[in-house]
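What the coordinates show
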Amino acid sequence: TGRWTKLLPRGNKPAPRAFHTACSLVHNTKVFIFGGQNGSSTLNDLHELDLDSLTWTFVRTRGIQPLPRWGHTSVAVGMDLMLSF
């Protein structure tokens, strides 16, 4: 429609940041935000926005966490994998 709509998502919103990455996964129903900078520190947290329910969730990951980073790139591979470089 060429019209902007302001969304009002619920849940644990990620802190404001810059130089992060975002990828759409799971049949374009979820957007994942990773890393970036918040002005005082570099981040390595992962957040999910469910586009069906408009709800933010902090994602608790398993295994070895990537180092904090900003200015990186991320790419979606298939429906459920996000690689960050």
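In what follows, the accompanying structure is described. (Residues numbered from 1 in each chain as written. Predicted model: local features only at pLDDT ≥ 70, side-chain atom pairs only at ≥ 80, totals over all residues. Heavy atoms only, no water.)

Moving on: a nonpolar patch on the surface. Nonpolar side chains collect at one region of the surface, where Val75, Val77, Leu81, Leu83 and Phe85 lie side by side and expose about 410 Å² of accessible area between them. Sorting the residues of the nonpolar patch by element identifies strand E6 (74–77) and strand E7 (81–84) as the ones contributing at least two each. Mapped onto the elements, Phe85 comes out in the segment after E7. Note on Phe85: relative accessible area 56%, which makes it exposed. (Patch = residues over 30% accessible without salt bridge, like charges linked within 9 Å, V, L, I, M, F, W, Y side chains within 5 Å. Areas by Shrake-Rupley, 256 points an atom, 1.4 Å probe, with all protein chains shown as cover. Salt bridge = Lys/Arg side-chain N within 4 Å of Asp/Glu carboxyl O. Helix = DSSP H or I, 4+ residues; strand = E, 2+ residues; numbered from the N terminus. Buried < 20%, exposed > 50% of the residue type's maximum accessible area, 1.4 Å probe, protein only.)

With that out of the way, let us pick up the side chain of Lys30. For Lys30, the position within the fold is in strand E3 (residues 30–37). One polar contact links Lys30 to Glu48, side chain to side chain, over a distance of 3.3 Å. What Lys30 contacts, discounting residues up to four positions off in sequence, is Cys23, Ser24, Leu25, Glu48, Leu49, Asp50 and Leu51. (Polar contact = N/O pair within 3.5 Å; in protein donor to acceptor, adjacent residues only side chain to side chain. Contact = heavy atoms within 4.5 Å.)

Below, the discussion takes up the packing of aromatic side chains. Throughout the structure, instances matching the rule amount to one aromatic pair. For the pair Phe19 and Trp70, a centre-to-centre distance of 5.2 Å together with 55° between the ring planes defines the contact as tilted. A residue pair is termed long-range when its members are at least 10 positions apart, and Phe19 in the loop between strand E1 (10–11) and strand E2 (21–25) and Trp70 in the loop between strand E5 (55–58) and E6 qualify at 51 residues. (Phe/Tyr/Trp six-rings, centres within 6.5 Å; stacked < 30°, edge-to-face > 60°.)

Our focus in this paragraph is the side chain of Arg17. Within the fold, Arg17 resides in the loop between E1 and E2. On the basis of relative accessibility, which here comes to 16%, the residue Arg17 falls in the buried class. Side-chain polar atoms of Arg17 contact the backbone oxygen of Gly35, separated by 2.9 Å. At a separation of 2.7 Å, a polar atom in the side chain of Arg17 contacts the side chain of Asp45. Aside from chain neighbours lying at most four places away, what touches Arg17 is Ile33, Gly35, Gln37, Asn38, Leu43, Asp45 and His47.

Another point: the pattern of salt bridges. Side-chain pairing between opposite charges can occur once the charged atoms of the two side chains come close. Taken as a whole and assessed by the stated rule, the structure comprises three salt bridges. Arg17 is paired through a salt bridge with Asp45; the nearest N and O atoms lie 2.7 Å apart. Of this pair, Arg17 sits in the loop between E1 and E2 while Asp45 is found in strand E4 (residues 42–50), placing the two residues 28 residues apart along the sequence. As a salt-bridge pair, Asp50 and Lys30 come within 3.0 Å of each other at their nearest N and O atoms. Of the two residues, Asp50 sits in strand E4 while Lys30 sits in strand E3, which places them 20 residues apart along the sequence. Overlapping salt bridges bring together Lys30, Glu48 and Asp50 as one network.

As a further point, take the sheet that holds E1. Taken in spatial order, the five strands of this open sheet run E1-E5-E4-E3-E2, and their pairing is mixed. What marks the edges here is a single partner per strand, and that holds for E1 and E2. In terms of strand pairing, E2 meets E3 through five bridges, oriented antiparallel. Its bridge partner lying in E3, Leu25 is registered against Lys30. (Pairing = 2+ DSSP bridges.)

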